[in-house]
Amino acid sequence: MICTFFGHKDAPQSISEQVENTIIDLIKNRDATEFYVGNHGNFDKMAYHALKRVHKIYPNIRYSVVIAYLSDSSEKYDSTVFPEGIENVPLRYAISYRNKWMENHADIIIAFVTHSYGGAAKFVDHAQKQGKEIVYI
């Protein structure tokens, strides 16, 4: 089971424990074994750090940061994925391309969306229309 994350870049730090608990719940009760996370915004940062902590308890899970730009240093992260074909996408569309790639590869979307506008809301809405399971924080 593959999970990915979509959330507002200004997500409050107060939800970090809930993010971690959601990851653990998906591992224990849904056999989640792989996680993809972006690297733009506070929600992505929280998810990444939660995955690092959870990995110490559940070393069998895999997690990767899916980068949108080659200039996003992979040295900062334990594991990165650069979606195939993204190098041909204009820079202004790279994050959308990356997010679509993550959506396509995920079985479950972990989402923090508090308003109906912006990239996170757009991708969660699209994932829902595609029949993806959404777990809201």
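Going by the structure above, here's the rest.
Residues take numbers from 1 onward in each chain, read along the sequence in its written order. Local features are withheld for residues below a pLDDT of 70 in this predicted model, meaning they are given only at 70 or higher, and side-chain atom pairs are given and counted only at 80 or more; totals for whole chains, interfaces and linings count all residues. The basis for every side-chain value is the complete set of heavy atoms in the structure, and neither hydrogens nor water enter the calculation.

Asks: Is there a simple way to think about helix H1 (residues 16–30) in this case?
Replies: One turn of an α-helix holds 3.6 residues; hence residues three or four places apart share an orientation. A run of H or I in DSSP counts as a helix once it spans at least four residues, and a run of E counts as a strand once it spans at least two, with each numbered from the N terminus. Residue count minus one, scaled by 1.5 Å, sets the expected span of a helix. Taking 1.5 Å of rise per residue, 15 residues should cover 21 Å, and H1 covers 20 Å from first to last C-alpha, within 8% of that figure. Buried means the residue's accessible area, taken with a 1.4 Å probe over protein chains only, is under 20% of the maximum for its type, while exposed means over 50%, and partly exposed covers the values in between. Three or more residues of H1 are buried, namely Ser16, Val19, Glu20, Thr22, Ile23, Ile24, Leu26 and Ile27. Any two residues whose heavy atoms approach within 4.5 Å are treated as being in contact. Buried residues in H1 make contact with strand E1 (2–7), strand E2 (34–37), helix H2 (42–57), strand E5 (108–112) and strand E6 (133–136). Asp31 lies just past H1 and shows a positive phi near 60°.

Asks: Sorry, what's going on with unusual backbone geometry here?
Replies: Most of the time, phi is negative for any residue but glycine, and the peptide bond is trans. Unlike most non-glycine residues, Asp31 shows phi in positive territory, near 60°. In this structure, Asp31 sits in the loop between H1 and E2. Overall, the relative accessible area of 57% leaves Asp31 in the exposed class.

Asks: So what exactly am I meant to see when it comes to helix H3 (residues 94–105) here?
Replies: The end-to-end C-alpha separation of H3 is 17 Å, in line with the 16 Å expected for 12 residues at 1.5 Å each. Listed in full, the buried residues belonging to H3 are Ala94, Arg98, Asn99, Trp101, Met102 and Glu103. Contacts from the buried residues of H3 go to E1, E2, strand E3 (62–66), strand E4 (80–81), E5 and helix H4 (119–129).

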